[in-house]
Amino acid sequence: MANMRTAMDAAFWDLNISTPNALDSTARSIPGEPKPLDGSKASRALRVQQLSLLGNGFPLGIIPSYSPTPNKELGSFALHSLLFKASTSNWWLGFIGQFRPKKLFSDIKAELSSVDEWELPVLKDIGKHFLEKSLYAFNVCSQLSLTPSSSLLLSTEEHGEKKGRRFRAMLLNKLPEHDVTLEAAWPELFIDHKGRYWEVPESISFDCSSLVSENGFRYRFGLHKNGGHPQAVDNITDEPPLNLMQGICGKAAFSYEKSEDLWRVKEKKEDIVIETDKGRFYRPSYDIRLREPHAAVSGIIGGTLEAWLNNSRHRRPFGVDLFGSLCYTFQHGKFKETFGDLTRIDARLDVSSASALAKQVTKVFRKAAADNARDVLSSPRLELILQQQVAGPIVFRVDSKFLLNTPAGRPGLQLEDFVCSLNYSLRVLQSGKVVAWYSPKRKEGMIELRLFEF
């Protein structure tokens with residue numbers, strides 16, 4: 001079923017969204033905004049790890065991506081590759097490169113159109129175009145295992161068309177019942193619910209998150225510091241989101257999650273062991289998370305508490321709120337056969353802020369005038385996920401999200417976000433797949449390796 005935990009994780013600063021705009025392939029969701037689509041959530045595998053495996057299936061290990069840049073000359077098409085990797089028993093290092101070919105081809109074409117005779121200076125001038133700094137971007141990432149349960153991740157990234165570098169550090173410690181994380185980035189890349197990117201000069205977070213207990217209860221708390229004034233990456237003039245403004249925030253949240261099967265066809269031994277004239281063959285599902293036809297209802301409800309220091313004038317210094325989600329899942333097929341063995345639908349209703357919804361309902365009953373600046377969390381969202389097997393391990397997936405209110409505040413459906421993807425399940429990884437996705441809203445697309453994303 002849809003990932004219910006994002007209902008709480010969206011309230012913090014460490015929810016990663018997939019993006020080809022960064023070589024580590026992640027941007028952070030902004031707390032205080034609607035929960036992002038399940039299909040846009042970043043892979044659990046680091047980008048350098050993805051490229052190491054994906055490169056085996058692409059010519060020369062080169063993987064394409066598509067993302068607009070402020071500099072139109074560079075074009076949207078880019079090529080990524082893992083140029084170098086090294087590892088020991090407790091340490092690894094990876095070097096990622098990016099190349100945008102459009103400007104190079106345009107410059108060479110313009111150079112050749114003005115050439116009357118081929119001479120050595122002409123070849124030198126053409127060669128200089130290959131050294132154009134704006135065509136390239138690089139990322140160096142390294143991880144060191146300090147103990148069996150803790151690790152340190154360091155990375156730096158530079159884009160030739162931009163000034164400065166991005167630095168990131170993360171210390172992760174896995175305890176028996178908790179994950180403790182300390183992260184810092186200079187600057188940090190965020191994406192808002194409209195698909196626009198923002199850079200915060202300094203972002204530091206400490207987070208402690210409990211593992212989900214048997215009864216479905218989970219909690220987390222942490223501190224976050226924003227430093228400097230947020231800058232728009234997309235050349236927009238809107239005011240930055242309030243939760244990215246300078247300040248220190250302490251936040252705590254809890255949730256209770258529950259799932260109940262309406263019916264389920266349990267997998268049996270004879271389903272995965274096939275008898276033939278040549279003997280027995282082991283043939284499991286392409287994805288163990290999709291091996292059992294079923295219908296289920298799941299839900300999550302929780303609350304958040306936050307307090308700000310060095311608060312900006314338009315931001316509340318203290319806040320308490322509730323959130324909740326309800327999901328219905330239906331799956332036909334066991335995802336084992338070559339055709340027609342998987343059709344799956346997830347329908348999820350999200351209320352990100354009970355207080356904002358209550359205020360909006362009060363305005364409706366009081367017949368108050370429409371407020372063009374109303375809280376973006378005041379409207380519930382309906383998320384629909386459709387998955388359909390195309391052939392063998394290939395699945396077509398559509399993630400869509402609808403506002404249950406129109407911009408004028410009247411009841412109705414309005415499409416807010418949409419992502420389509422082709423997924424190639426890797427049976428050898430049990431629940432891993434290569435995903436090629438495209439977002440019409442952001443005009444971006446890329447190829448990723450995702451593992452156990454449910």
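It should be emphasised that the depicted structure is a prediction, and the values quoted were computed from it without experimental measurement.

The rules behind these values
Residues numbered from 1 in each chain as written. Predicted model: local features only at pLDDT ≥ 70, side-chain atom pairs only at ≥ 80, totals over all residues. Heavy atoms only, no water. Pairing = 2+ DSSP bridges. Helix = DSSP H or I, 4+ residues; strand = E, 2+ residues; numbered from the N terminus. Core = buried A, V, L, I, M, F, W, Y, C linked by side-chain atoms within 4.5 Å. Buried < 20%, exposed > 50% of the residue type's maximum accessible area, 1.4 Å probe, protein only. Expected span 1.5 Å × (residues − 1). Arc of directions from axis to C-beta. Contact = heavy atoms within 4.5 Å. Phe/Tyr/Trp six-rings, centres within 6.5 Å; stacked < 30°, edge-to-face > 60°. Lys NZ or Arg CZ within 6 Å of the ring centre and 35° of its normal.

**Side note on the sheet that holds strand 10 (residues 188-191)**
- Pairing is mixed in the open sheet, where five strands are placed in the order 1-2-10-11-14. At either end of the open sheet lies a strand with only one pairing partner, and these are strand 1 (16-18) and strand 14 (231-232).
- Bridging between strand 11 (residues 197-200) and strand 14 involves two bridges; their strand directions are antiparallel. Looking across to strand 14, one finds that Glu-199 is bridged to Gln-231.

**Comments concerning the nonpolar core**
- One finds Val-48, Leu-51, Leu-54, Ile-63, Leu-82, Trp-92, Ile-96, Cys-141, Leu-153, Val-434, Ile-447 and Leu-449 forming the largest nonpolar core, which totals 12 residues.
- For this core, the secondary structure elements donating two or more residues are helix 2 (47-54), strand 5 (91-99) and strand 25 (444-451).
- A per-element tally of this core places helix 2 first, with three residues.
- Core analysis: the next-biggest nonpolar cluster, separate from the first, contains nine residues, Met-4, Ala-7, Ile-300 and Phe-323 among them.

**As for helix 3 (residues 101-113)**
- Taking 1.5 Å per residue, 13 residues should reach 18 Å; helix 3 reaches 18 Å between its end C-alpha atoms and fits that length.
- For helix 3, the set of buried residues is Pro-101, Lys-103, Leu-104 and Ile-108. The buried residues of helix 3 occupy one face: seen down the axis, they fall within an arc of 165°. Pointing more than 90 degrees away from the buried face of helix 3 are the exposed residues Lys-109 and Ser-113.
- Here the buried face of helix 3 lies against strand 4 (77-87), strand 5 and helix 4 (120-130).

**Section: unusual backbone geometry**
- The residue after Trp-186, namely Pro-187, is reached through a cis peptide bond having omega -10°.
- Inspection of the secondary structure assignment puts Pro-187 in the loop between strand 9 (178-186) and strand 10.
- At Ser-25, a position not held by glycine, the phi torsion is positive, near 65°.
- The phi torsion at Leu-60 lies on the positive side, around 60°, for a residue other than glycine.
- Looking at the secondary structure, you find Leu-60 in the loop between helix 2 and strand 3 (62-66).
- Judged by its relative accessible area of 80%, Leu-60 falls in the exposed class.

**Regarding the packing of aromatic side chains**
- Tallying each qualifying case throughout the model produces seven aromatic pairs.
- Summarising the aromatic geometry, the rings of Trp-263 and Phe-330 are spaced 6.1 Å apart at their centres and angled 70° between planes, so their arrangement reads as edge-to-face. Taken as a pair, Trp-263 in strand 15 (residues 247-264) and Phe-330 in strand 19 (residues 318-332) lie far apart in primary sequence, 67 residues in all.
- With a relative accessible area of 30%, Phe-330 lands in the partly exposed category.
- Grouping aromatic residues by their ring pairs yields a cluster made of Phe-95, Phe-99, Tyr-136 and Phe-138.
- In this structure, Arg-220 is placed above the aromatic ring of Phe-12, and the distance from its NZ or CZ to the ring centre is 4.0 Å.

**Thoughts on the side chain of Asn-243**
- Following the sequence through the fold, Asn-243 ends up in the loop between strand 14 and strand 15.
- With a relative accessible area of 13%, Asn-243 lands in the buried category.
- Beyond its immediate stretch of four places on either side in the chain, Asn-243 contacts Trp-13, Ile-30, Pro-31, Gly-32, Asn-226, Trp-308 and Arg-315.

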